[in-house]
Amino acid sequence: MKIDVDFEIFGILAFYSAILLAKILVMPVLVAKQRINKKVFANPEDKAFVPGGEVSIKHTDQDVERYRRAHLNDLENILPFIFLATLFCFTNPGIEFARCLFQLFTIARIGHTIFYCAPRARKAWLRFASCGVGWVINAYMAFSVFMYNF
Amino acid sequence: MKIDVDFEIFGILAFYSAILLAKILVMPVLVAKQRINKKVFANPEDKAFVPGGEVSIKHTDQDVERYRRAHLNDLENILPFIFLATLFCFTNPGIEFARCLFQLFTIARIGHTIFYCAPRARKAWLRFASCGVGWVINAYMAFSVFMYNF
Amino acid sequence: MKIDVDFEIFGILAFYSAILLAKILVMPVLVAKQRINKKVFANPEDKAFVPGGEVSIKHTDQDVERYRRAHLNDLENILPFIFLATLFCFTNPGIEFARCLFQLFTIARIGHTIFYCAPRARKAWLRFASCGVGWVINAYMAFSVFMYNF
């Protein structure tokens, strides 16, 4: 048995995976910025991060938790995407179709974070729609991989 | 140096990975169903999801949080599994043995969600056992990969 | 198009990935140990785990939540690392340089858990530095993969 794969498609996947993973890396920076702005930390020893050390230790600040949820939502969707997209590449999809899926997913995930976190763009339906686009792409690829390897 | 891998095993892994990743995709749907049933949401703007907009914004609802923990537990176990199983395929395991491990892991994870979430099947020991089966398979594969590449 | 990859580098990556994934597997054991020590559980049915069943059902115990955050931080950093390091191997890096990055990341992540959880080593700046080392390595690899596939 041999695999017959066009390697160009993996270069495209690597490109969008790098963008999506870099996007994940940005999230803890935004969380940290919120924590420092609002002086809200998770651990007693974190008071070392703020001169004077006047901080709150709590886990219920709405702004900090909003960014944390956006981060977690990225992990929930982007990490499965990279697995699914890699497996999808082995199902001999059309290259332009695959590129289109990867692009759309990337745009949808960036949109999700904007509609979740940006103060003037917090629209629940737009956030739901952008998350849903990513979800449908993941579900489609999972179904394709399942059928191809059935 | 060359790799000597039977590609059939990757087809088997792709099949079970697709099932497990599809299983992860189901979890946010179940969380959303709980949120809508109980009208408990995480963000103030989410009141747009319920006609009339009479919702609670809280993070302590036991049913919603139960499904969220089941989702997180999947991420904690299934994503490492796919990495470990992929690396495990390169250690020249027997195909039938590997298929057996992947099958058992998949069944254990589905069992975990049932014993965690289904109202009539919430048995702590069964949940612990099914999570433990997955954990032992992951640990065994991690050890095998470590020894093979030592 | 063909790929030209030295497979030795994947053996090195497999070795460090196995260590890092085994490290993730240790975290729920530490969380469970805290839960049993302090008799603090997340679900009402979990009282079956403690003889006598005198447990607290809460989500705010500082020690339990500390270990849970350390676990989540591992998932946030180690899972993207394995994706990024795999893609990085395809950018024809020097083998010794790549090995050095993987080693440093592994040490940094183990350090992070020690500085987060060990009662006598809870230093916020050391935890931040070890997390930061891992973050910079991930960011560097994401940038390299992005530029290589641009």
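Residues numbered from 1 in each chain as written. Chains lettered and ligands numbered in written order. Predicted model: local features only at pLDDT ≥ 70, side-chain atom pairs only at ≥ 80, totals over all residues. Heavy atoms only, no water.

## Section: the relation of the copies chain C and chain B
Move 1: Mapping chain C onto chain B is achieved by rotating through 120 degrees and translating by 0.0 Å along the same axis, at an RMSD of 0.0 Å. The transformation just described matches what one would write down for a three-fold rotation axis. Ranked by how close their C-alpha atoms come to the rotation axis, the residues of chain C are headed by L79 of chain C, at 4.5 Å. (Least-squares fit on C-alpha atoms with pLDDT ≥ 70 in both.)

## Observations concerning the interface of chain C and chain B
Move 1: Across the contact, 29 residues belong to chain C and 27 residues belong to chain B.
Move 2: For the chain C and chain B pair, buried surface summed over both sides reaches about 2500 Å², with 74% attributable to carbon and sulfur atoms.
Move 3: For the chain C face of the interface with chain B, the top three residues by lost area are L25, E45 and F49 of chain C, together amounting to 24%.
Move 4: Remark: the boundary between chain C and chain B carries three salt bridges.
Move 5: Remark: the boundary between chain C and chain B carries eight residue pairs in polar contact (both at pLDDT 80 or more).
Move 6: At the level of elements, α1 (8–38) and α2 (62–89) of chain C are the ones that each hand at least two residues to the side of chain C that touches chain B. (Contact = heavy atoms within 4.5 Å. Buried area = accessible area lost by both parts, 1.4 Å probe. Salt bridge = Lys/Arg side-chain N within 4 Å of Asp/Glu carboxyl O. Polar contact = N/O pair within 3.5 Å; in protein donor to acceptor, adjacent residues only side chain to side chain. Helix = DSSP H or I, 4+ residues; strand = E, 2+ residues; numbered from the N terminus.)

## Re the relation of the copies chain A and chain B
Move 1: Note on the copies: chain A fits chain B at an RMSD of 0.0 Å, the axial shift is 0.0 Å, and the rotation between them is 120 degrees.
Move 2: When the interface residues of chain A are mapped onto chain B, a mere 11% of them again lie at the interface, so each copy presents a different face.

## Remarks on the interface of chain A and chain B
Move 1: Each partner contributes residues to the interface: chain A has 27 residues there, and chain B has 29 residues.
Move 2: In total, chain A and chain B occlude about 2500 Å² of area from one another, counting both sides; carbon and sulfur atoms represent 74% of this.
Move 3: When the shortest N-O distance is used, the salt bridge between D46 of chain B and R127 of chain A registers 2.9 Å.
Move 4: One can count eight residue pairs in polar contact (both at pLDDT 80 or more) joining chain A with chain B.
Move 5: Elements supplying a minimum of two residues to the side of chain A that touches chain B: α2 (62–89) and α4 (124–148) of chain A.
Move 6: Taken together, the residues of the side of chain A that touches chain B sort by class into 18 nonpolar, three polar and six charged. (Nonpolar A, V, L, I, M, F, W, Y, C, P; charged D, E, K, R; others polar.)

## Here's the deal with the confidence of the model for chain A
Move 1: The predicted model of chain A has a mean per-residue pLDDT of 93, with 96% of residues at 70 or higher.
Move 2: Interface predicted TM-score (ipTM) for the complex: 0.94; the corresponding pTM is 0.95. (pLDDT = per-residue confidence, 0-100.)

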